[in-house]
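This is what each chain is made of:
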Amino acid sequence: MAAFFVSDTMKKRLSSIIIVIFVFGSCGGGNQQVEQERFPQRYPKGLPKKIIAKKDKAEMILIPAGEFLMGSTQQEIRDAEVKWGLKEGLLAPETPQHTVYVDAFYIDKYEVTNAQYKRFVDETGYRVPTVPAKEEVIAALKSELEKETEKISDSQINATIQEHIRTLSPWAWKDGTYPPGKANHPVVLVNWYDAQAYANWAGKRLPTEAEWEKAARGADGRFYPWGDNWDATRCNSAERIALKALPTLQASLEWFYDEWQTLPPFERAKNTTVPVGSYRQGRSPYSVHDMAGNAFEWCADWYDEDYYSYSPRRNPHGPKNGSARVLRGGSWNYPGFKLRSTYRNRHAPQVGGSPNGFRCVLDVSLLNR
Ligand SMILES: [Ca+2]
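Residues numbered from 1 in each chain as written. Predicted model: local features only at pLDDT ≥ 70, side-chain atom pairs only at ≥ 80, totals over all residues.

K.L.:
Now, about the overall build of the chain: what can you tell me, with residues and values included?
P.N.:
On a plain count of helices and strands, the chain comes out with eleven helices and ten strands. Within the chain, the fraction of its 369 residues that count as buried is 47%. (Helix = DSSP H or I, 4+ residues; strand = E, 2+ residues; numbered from the N terminus. Buried ≥ 20, exposed ≤ 12 C-beta atoms within 10 Å, placed from the backbone.)

K.L.:
Before we move on, can you summarise the sheet that holds strand E10 (residues 361–363) with the specific residues and values?
P.N.:
Spatially, four strands are ordered E1-E2-E5-E10 in an open sheet, and the strand pairing comes out antiparallel. In the strand order of this sheet, the two ends are held by strand E1 (50–52) and E10, each with one partner. Within the sheet, the average angular offset between the axes of one strand and its neighbour, ignoring direction, is 30°. In this sheet, E10 lies alongside strand E5 (residues 105–108) in antiparallel orientation, the contact comprising three bridges. The residue of E10 that forms the bridge with Tyr 106 is Leu 362. (Pairing = 2+ DSSP bridges. Axes fitted to C-alpha atoms, helices over the stretch in contact; angles between N-to-C directions.)

K.L.:
Break down the confidence of the model for the chain for me, with residues and values.
P.N.:
Across the chain, the average pLDDT comes to 87, with 85% of residues at 70 or higher. Overall, residues 1–30 carries pLDDT values under 50, and its contacts beyond four positions in sequence, including any with other chains, amount to 70 contacts. (pLDDT = per-residue confidence, 0-100. Contact = placed C-beta atoms within 7 Å.)

K.L.:
Can you tell me about the sheet that holds strand E7 (residues 325–328), naming the residues and giving the values?
P.N.:
Spatial strand order, E8-E7-E6-E9: four strands in an open sheet with mixed pairing. On the outer flanks of this sheet lie strand E8 (344–347) and strand E9 (356–357), each paired with one strand and no other. Here E7 pairs with E8 via four bridges, running antiparallel. Paired with Arg 328 across the strands is Arg 344, a residue of E8. Contacting strand E6 (296–302) and E7, helix H8 (residues 209–217) crosses the sheet at an angle of about 140° to E6.

K.L.:
So what's going on with the nonpolar core? Which residues, and what values?
P.N.:
Note on soluble globular proteins: their nonpolar side chains tend to be buried together. Among the nonpolar cores identified, the biggest contains 54 residues, and Ile 61, Tyr 106, Ile 107, Ala 195, Leu 206 and Ala 215 are the most heavily contacted of them. Apart from the residues lying within four places of it in its own chain, the contact partners of Ile 107 are Met 60, Ile 61, Ile 63, Pro 207, Ala 215, Val 288, Arg 359 and Val 361. Within the second largest apolar cluster, seven residues are counted, among which are Phe 68, Met 70, Val 102 and Ala 210. (Core = buried A, V, L, I, M, F, W, Y, C linked by C-beta atoms within 7 Å.)

K.L.:
Describe helix H3 (residues 74–84), and please don't skip the residues or the numbers.
P.N.:
Among all positions of H3, only Glu 76, Ile 77, Ala 80, Glu 81 and Trp 84 are buried. Seen end-on, H3 carries its buried residues on one side only, within an arc spanning 130°. Away from the buried face of H3 by more than 90 degrees, exposed residues Gln 75 and Val 82 are located. Where H3 is buried, its residues touch helix H10 (249–258). One or two steps after H3, the chain reaches Gly 85, where phi turns positive at roughly 70°. (Arc of directions from axis to C-beta.)

K.L.:
Go over the pairing of E5, please, and point to the residues and values.
P.N.:
Taking every second residue as pointing to the same face, both faces of E5 are buried, with Phe 105 and Ile 107 on one and Tyr 106 and Asp 108 on the other. Of the pairings in the sheet, the one linking strand E2 (residues 59–63) to E5 comprises four bridges and is antiparallel in character. Its bridge partner lying in E5, Ile 63 is registered against Phe 105.

K.L.:
Could you give an account of the environment of Trp 226, naming the residues involved and the relevant values?
P.N.:
Checked against the element boundaries, Trp 226 lands in the loop between H8 and helix H9 (238–242). Among all residues touching Trp 226, those that are not within four sequence positions of it are Asp 231, Arg 234, Gln 281 and Gly 282.

K.L.:
Quick one: what's the story with unusual backbone geometry, residue by residue and with numbers?
P.N.:
In this structure, Pro 96 follows Thr 95 across a cis peptide bond, with omega equal to -5°. Positioned with a positive phi, Lys 57 is a non-glycine residue whose angle comes to about 60°. Note on placement: Lys 57 falls in the loop between E1 and E2. What makes Lys 57 exposed here is the crowd of 11 C-beta atoms within 10 Å. The phi angle at Asp 290 is positive, at roughly 60°, despite the residue not being glycine. Examined against the element boundaries, Asp 290 turns out to sit in the loop between helix H11 (265–269) and E6. You can call Asp 290 buried: it has 30 C-beta atoms within 10 Å.

K.L.:
So what's going on with the environment of Ala 251? Which residues, and what values?
P.N.:
For Ala 251, the position within the fold is in helix H10. Take Ala 251: there are 18 C-beta atoms within 10 Å of it, and that puts it in the partly exposed class. The spatial distance from the C-alpha of Ala 251 to the C-alpha of Gly 85 is 9.4 Å, given a sequence separation of 166 residues.

Structure follows, in structure tokens:
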């Protein structure tokens, strides 16, 4: 079997590639009171600040129109890289920090749940969240693997991909429904196209990267939805599962490979996502929940690490094309630096990972249609 030819070191390195591609992302700060005055927000007249969406009955919150601070400054990313023990430049895609104007929009208060997704599946016959085909995973990882200078044989790649797919199986739906007891957990294992299909069915759309970041951190440039300082008690991150602080990338990798990944797959899957809205103290300035952690969230935009250097300053919709879509907010299996509201992660759109979920937005102009 090919698996026997893959050394432990090789497995770990390939796994690292997979982990990195499944998640890529930073910090903001400053005097919040001053920034609130600098970036006044305008709620459209006559619109309710909260609604229940007609189709999927999701609670939605009105995000006011106005500018906000998007991304991070050079000093902020350098500080974060030092604090978390990251390679210099890892957070560079968050720069330059810039002001962005976003029109008012409604956003789901919570991540889309398994129960909501099941209604969509039942009504449309759409496929249930499932383990991606091996060919899809290989296609998604190909560009990353090609960057490796050391030669990696096809059999080694195949063995690693097979192992990765095997670990995803506990999240796959069976007999047309979600894993037992997880109705109110975020749906995961959905790819970007699945998220798009749900949004279309619900009469909504996926948020742009800018809309997502504004809903997560407000206008004042804070690092997390609740403020500037990492606080593992306010969100579902790897620290909840590890039952200990993971203050550096090295600490989180050691926990991931030496402890968590040694558990049988179905043991791991028991303790991952949590019911949406479990962390009230972690809600954003607009009272949007789980914008840090729990499920990673697909955004509409293509990903470009240089996008902030040329993006429009009003209602940016991402690059015209690309090979990966944006995922935001970090998830249950990552440490605090990846849950920062500025962290820019990317992922092949055709592959849904075990942390990958989403939420939807609604243009205010569509409210009464
Ligand atoms: Ca989330």
